[in-house]
Amino acid sequence: MTTIAHSPQAAETGSLDSLIHLQGAIEARLEALLPAAGSERDLVAAAMRDCTLAPGKRLRPLLLVLAAEGLGACPKAALDVGCAIEMVHAASLVLDDLPCMDDATLRRGRATLHLAFGEDVALLAAIALLSRAFALVARLEGVSPQVRADLVATLADAIGSQGLVKGQLQDLRDGILPRSAEQIVETNQLKTGALFGAILAMAGHLADATAALQASLQRFAGELGQAFQLYDDLRDRDAGTGKDPDKDHGKSTLLALCGEEAVRDRLAVHLANAEHYLAEASLGERKIVLMLRSVFTCTGSSQSNFHGPLGSSEQQPSHEGAEHGTRRP
């Protein structure tokens with residue numbers, strides 16, 4: 001198993017500066033693509049902006065843009081596809097947090113959207129974000145109609161009844177039941193890995209990647225998705241994540257089934273495999289590796305080795321706007 005050696009500190013600093021610059025470009029593009037909330041009556045637009053522009057690392061759009069550019073794709077098209085992915089991710093979080101789902105009160109250190117705007121507006125905002133994301137991909141400039149069609153189909157498959165939706169249902173209905181490790185891994189792949197798979201597949205589509213390269217990208221995505229879910233499980237009781245702590249209490253997770261030490265061992269294996277497949281796809285360059293290592297620093301610690309906004313952990317829990325409607329424009 002190959003690993004990627006650390007480069008000198010100057011190269012680390014340059015890569016970090018480049019990542020922070022790219023994060024800023026993503027924020028600016030998201031700001032421009034989301035509908036303006038021109039008045040107090042534009043509640044759906046305000047809610048769309050609130051949940052999508054809330055402080056976060058923007059890991060998913062960063063990964064898509066870096067992978068696509070590393071494969072030789074058009075940077076402008078990659079940026080817009082990355083923003084579409086972030087809209088989908090934001091919508092999925094809004095839906096996950098609803099009382100009929102995970103019934104969460106905190107997200108990214110702030111009141112969840114349904115508490116701030118009401119369940120009706122939150123649900124409509126999530127639907128509007130999904131439609132905005134698909135419209136953005138379908139109207140993408142600078143790529144062929146076939147590539148646009150492939151992008152739309154890939155994203156739809158990842159979200160739908162055999163992807164995120166199926167994973168969420170399994171988590172809701174089966175998560176309270178005893179499950180084998182294999183069953184938990186399947187749910188983790190659907191609820192977390194499916195979108196990572198779409199991100200890497202879409203980067204490949206933008207770059208007209210070969211079937212062999214796409215296969216390597218999917219192996220990387222699979223390992224990353226499993227690692228990300230295990231990392232999330234390890235931090236479930238951490239009050240510094242910006243989410244409700246201990247939401248997994250009583251659920252059948254790998255942490256509950258195998259224990260913390262075994263989960264940390266699994267996480268280390270998944271991360272090593274991910275770096276291997278990243279190198280196999282000729283994407284083992286500094287920026288992607290640095291970004292991922294910043295996320296998984298100490299495999300369970302809320303601290304990051306970044307000193308800029310990219311590496312900041314999610315906002316500390318705050319109850320500002322926790323009462324219905326207090327974040328309305």
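Check the entry above for the structure.
Residues numbered from 1 in each chain as written. Predicted model: local features only at pLDDT ≥ 70, side-chain atom pairs only at ≥ 80, totals over all residues. Heavy atoms only, no water.

Student: Residue-level account of the pattern of salt bridges, with values.
Tutor: Under the counting rule described, the total for this entry stands at 16 salt bridges. Taking the shortest distance from any N to any O, the salt bridge between lysine 251 and aspartate 171 comes out at 2.9 Å. Placement of lysine 251 in the loop between helix H10 (211–234) and helix H11 (254–258) and of aspartate 171 in helix H8 (residues 164–174) is noted, with a sequence separation of 80 residues between them. The burial state of lysine 251 is the same as that of aspartate 171; both residues are buried. Between lysine 251 and aspartate 248 there is a salt bridge, with the nearest N and O atoms lying 3.8 Å from each other. Under the relative-accessibility criterion, lysine 251 is labelled buried at 18%. Because the salt bridges share partners, they merge into one network encompassing Glu27, Arg58, Glu86 and Arg108. (Salt bridge = Lys/Arg side-chain N within 4 Å of Asp/Glu carboxyl O. Helix = DSSP H or I, 4+ residues; strand = E, 2+ residues; numbered from the N terminus. Buried < 20%, exposed > 50% of the residue type's maximum accessible area, 1.4 Å probe, protein only.)

Student: Provide a residue-level description of unusual backbone geometry, including the pertinent values.
Tutor: Within the chain, aspartate 103 stands out as a residue other than glycine whose phi angle is a positive 55°. Tracing the sequence through the fold places aspartate 103 in the loop between helix H4 (75–97) and strand S1 (106–107). The phi torsion at aspartate 208 lies on the positive side, around 55°, for a residue other than glycine. In this structure aspartate 208 comes out as exposed when scored by relative accessible area, which is 69%.

Student: Requested: an account of the side chain of threonine 154, with residues and values cited.
Tutor: Counting through the fold element by element, threonine 154 comes out in helix H7 (residues 145–159). When its relative accessible area of 16% is taken as the criterion, threonine 154 is described as buried. Among the polar contacts made by the side chain of threonine 154, one reaches the main-chain carbonyl oxygen of aspartate 150 at a distance of 2.8 Å. (Polar contact = N/O pair within 3.5 Å; in protein donor to acceptor, adjacent residues only side chain to side chain.)

Student: Please give an account of helix H13 (residues 286–295) that cites residues and values.
Tutor: Most of H13 sits out of view: eight of its 10 residues are buried. All buried positions along H13 are accounted for by Arg286, Ile288, Val289, Leu290, Met291, Leu292, Ser294 and Val295.

Student: Provide a residue-level description of the nonpolar core, including the pertinent values.
Tutor: In this structure, Leu63, Met202, Leu206 and Phe220 are the most contacted members of the largest nonpolar core, which totals 90 residues. Looking at which element gives the most residues to this core, the answer is H4, with 12 residues. Setting aside its immediate chain neighbours within four residues, leucine 206 contacts Leu64, Ala68, Ala73, Ala77, Ala78, Val81, Leu140, Val143 and Leu151. (Core = buried A, V, L, I, M, F, W, Y, C linked by side-chain atoms within 4.5 Å. Contact = heavy atoms within 4.5 Å.)

Student: Explain the environment of leucine 53 to me, and be specific about the residues and the numbers.
Tutor: Mapping leucine 53 onto the fold places it in the loop between helix H2 (43–52) and helix H3 (59–70). Residues leucine 53 and leucine 30, spaced 23 residues apart in sequence, show a C-alpha to C-alpha distance of 7.5 Å. Excluding residues within four positions of it along the chain, leucine 53 makes contact with Glu27, Leu30, Glu31, Leu34 and Arg58.

Student: An account of H4 is needed here, citing residue identities and associated values.
Tutor: Its 23 residues place the ends of H4 33 Å apart at the C-alpha level, agreeing with the 33 Å of an ideal helix rising 1.5 Å per residue. For H4, the tally of buried residues reaches 19 of 23 residues, placing the bulk of the element in the interior. (Expected span 1.5 Å × (residues − 1).)

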